[in-house]
Amino acid sequence: MKSNIEIQRIEKSKIDSVDFNNLPFGSVYSDHMLECDFINGEWQTPVIKPYAPISLDPAAKIFHYGQSIFEGMKAYKDADENTMLFRPLENWKRLNKSAERLVIPHIPEDIFMEGLKKLLEVDNNWIPTNEGSSLYIRPFMFASGIGFHASPADSYKFIICTAPSGAYFAGKVKVLIEEKYARAANGGVGFAKAGGNYAAQFYPTQLAIEKGYNQVIWTDDNSHEYIEEAGAMNIFIRINDTLITSPTSDRILNGITRKSVIQIAEDMNIDVEVRKITVSEVIAAAQSGSLKEMFGAGTAAVISPIATFGYHGTDYDLPELENPFAEILKKAITDIQTNKAEDPYGWRVVL
Ligand code: PLP
Ligand code: COI
């Protein structure tokens, strides 16, 4: 890092206006944010400053060519008010993987980690303590450099904003298996957390929402026969007592929750298969009664059980089980995240 992080504190906190018992997801922002510019080939001194709009040139390449990537993380507090993160270096590594694909400069580990820790220290009282809530953290990087020439920018911004948040989904989750549109293609940017991946999902997702679904389950772009992932989470499917999830590829985001769930499930002696799964297999399992559960896994969504899925004009309801894997695995992972259980994996980082 060029030099120590500079801190400009807010004059008056807005925390008293926030109802921590009724937190939405990601739409109330904490007092401060971290901002760091990449100019003349190097990252400048990071600044923690009051959360506020930023000023950009209309010719900034982010607006024209979408050079923009982000991460999603959470900070938690335990009963003793310790602050902790979950596998934060995985987010840092993935951000740099996305950066490489979008020709954005790598962010050094010290700016990411030290900046994040300092920001959480400054806004520590914004980390919710109530069950099911956490401080959602959004690190992102984008092209602030200007020019209409369709080529990478010469300057970039790295920002971290945080938002005390409740659940991502309100109520039961109903998904639609996509038959026409695709989220990603071979050789594309599906594996990256590129802003454009999400923009491209909005139209088909809006069509699904108009039909009463919350989210689309993406299938492969070639045959629409293989289950890939959902708009903001990876997908797990339980057939009888086996938990199946698609292998990651250059079309699928390598979710940190996904790989943690696979590890925890295997250590609980749950039979986990990381393999391709077809829509026909899922439909056949639903019709025979062997389809027991489907759930999404992601930082924002945590583990979200799917109540119903739609395909080709038919809705299929998932059974309501006594002790679903989704509930067991959600408890196991959130207990590790919030310091309610031992962490044999060393995933929890107490600040
Ligand atoms: N898939 C997509 C498309 C996502 O946006 C996310 C969220 O980050 C995930 C999967 C889950 O990834 P993670 O568990 O790392 O949050
Ligand atoms: C996350 O789970 O952190 C994500 O980035 C998903 C987001 C689209 C809400």
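Residues numbered from 1 in each chain as written. Chains lettered and ligands numbered in written order. Predicted model: local features only at pLDDT ≥ 70, side-chain atom pairs only at ≥ 80, totals over all residues.

A word on the site of ligand 1. What surrounds ligand 1 is the set Gly72, Glu229, Ala232, Met233, Asn234, Leu253, Gly255, Ile256, Thr257, Arg258, Gly298 and Thr299. Tallying contributions element by element places helix H5 (residues 256-267) first for the shell around ligand 1, with three residues. For the shell around ligand 1, the per-class residue count stands at four nonpolar, six polar and two charged. (Near = placed C-beta within 6 Å. Helix = DSSP H or I, 4+ residues; strand = E, 2+ residues; numbered from the N terminus. Nonpolar A, V, L, I, M, F, W, Y, C, P; charged D, E, K, R; others polar.)

A word on helix H4 (residues 195-210). An ideal rise of 1.5 Å per residue puts 22 Å on 16 residues; H4 measures up with 23 Å between its terminal C-alpha atoms. Of all the bends found along H4, the most pronounced is centred on Phe202 and spans about 35°, while Pro204, a proline, follows it within four residues. When we look at burial in H4, the residues that qualify are Asn197, Gln201, Thr205 and Ala208. Here the buried face of H4 lies against strand S10 (173-177) and strand S11 (215-219). (Expected span 1.5 Å × (residues − 1). Bend = angle between axes of the 7 residues up to and from the residue. Buried ≥ 20, exposed ≤ 12 C-beta atoms within 10 Å, placed from the backbone. Contact = placed C-beta atoms within 7 Å.)

The side chains of a regular strand alternate, first on one face of the sheet and then on the other. With six of eight residues buried, strand S16 (residues 291-298) is to be regarded as a mostly interior element. Here strand S13 (residues 234-239) pairs with S16 via six bridges, running antiparallel. If you follow Asn234 over to S16, its bridge partner there is Ala297. The sheet contact formed by S16 and strand S17 (residues 302-311) spans four bridges and is antiparallel. Residue pairing across strands places Ala297 opposite Ile303, the latter belonging to S17. Counting the residues between successive antiparallel strands, the hairpin from S16 to S17 contains three residues. (Pairing = 2+ DSSP bridges.)

A separate point is the UniProt feature "modified residue: N6-(pyridoxal phosphate)lysine" (unreviewed entry) in the chain. If you check UniProt for "modified residue: N6-(pyridoxal phosphate)lysine" (unreviewed entry), the listed places come out as Lys193 in our numbering. Relative to the helices and strands, Lys193 is located in the loop between S10 and H4. Residue classification places Lys193 among the buried positions, given that 24 C-beta atoms sit within 10 Å. Here Lys193 is in contact with Ile69, Phe70, Glu71, Arg94, Ser98 and Leu253, once residues within four sequence places are set aside. (UniProt positions renumbered as here; feature names shortened; annotations may be inferred.)

What follows concerns the site of ligand 2. By nearness alone, every residue bordering ligand 2 is listed as Gly72, Tyr198, Ala232, Gly298, Thr299 and Ala300. Each residue belonging to the shell around ligand 2 can be placed in one class, and the counts come to three nonpolar, three polar and no charged.

On to H5. The terminal C-alpha atoms of H5 lie 17 Å apart, and with twelve residues this matches the ideal 16 Å at 1.5 Å per residue to within 8%. Those residues of H5 that are buried are in contact with helix H2 (88-101), S13, strand S14 (242-245), strand S15 (271-274), S16 and helix H7 (325-337). Asn269 occupies a position one or two residues after H5 and carries a positive phi of about 65°.

Moving on: unusual backbone geometry. Positive phi outside glycine occurs at Asn40, with the angle close to 50°. Take Asn40: it is sitting in the loop between strand S2 (32-39) and strand S3 (42-43). A positive phi angle, close to 55°, is found at Val103, a residue other than glycine. Locating Val103 in the fold gives a position in the loop between H2 and helix H3 (109-122). Judged by C-beta crowding, with 11 C-beta atoms within 10 Å, Val103 ranks as exposed.

Let's shift gears to the nonpolar core. Core analysis: the biggest nonpolar cluster contains 82 residues, and Val175 and Ile217 have the highest contact counts within it. There are two domains that each give this core at least three residues, and those are domain 1 (6-165) and domain 2 (173-338). Ignoring sequence-local partners within four residues, the contact set of Ile217 consists of Val175, Leu176, Ile177, Glu178, Ile227, Ala230, Ile235 and Phe309. (Core = buried A, V, L, I, M, F, W, Y, C linked by C-beta atoms within 7 Å. Domains from an automatic or database assignment.)

Looking now at the domain arrangement of the chain. One frequent convention defines the size of an interface as the accessible area lost when the parts assemble. Domains assigned within the chain are domain 1 (6-165) and domain 2 (173-338). For domain 1 and domain 2, the distance between their C-alpha centres works out to 27 Å. Domain 1 puts 21 residues into the contact, and the matching count from domain 2 is twelve residues. Residue assignment for the side of domain 1 that touches domain 2 shows that the elements contributing at least two residues are strand S5 (68-70), strand S6 (73-77) and H2. Class assignment of the residues belonging to the side of domain 1 that touches domain 2 gives a composition of eight nonpolar, five polar and eight charged.

On to the environment of Pro128, then. Examined against the element boundaries, Pro128 turns out to sit in the loop between H3 and strand S8 (134-143). With 21 C-beta atoms packed within 10 Å, Pro128 lands in the buried category. A sequence separation of 50 residues divides Pro128 from Asp78, and the C-alpha atoms of the two residues are 9.7 Å apart. If near-sequence neighbours (up to four positions away) are discounted, Pro128 is found in contact with Phe20, Leu23, Ser133, Ser134, Leu135 and Pro164.

A few words on the pairing of S10. By the criterion of burial, S10 is predominantly enclosed, with five of the five residues buried. The two faces of S10 match: Val173, Val175 and Ile177 on one face and Lys174 and Leu176 on the other face are all buried. Two strands pair when backbone bridges link them, and S10 and S17 are joined in this way by four bridges, in the parallel orientation. Opposite Val173, over in S17, you have Ile306 as the bridge partner. For the crossover that starts at S10, traverses H4 and ends in the parallel S11, the hand is right-handed. (Right-handed = clockwise from strand over helix to strand, strands pointing away.)

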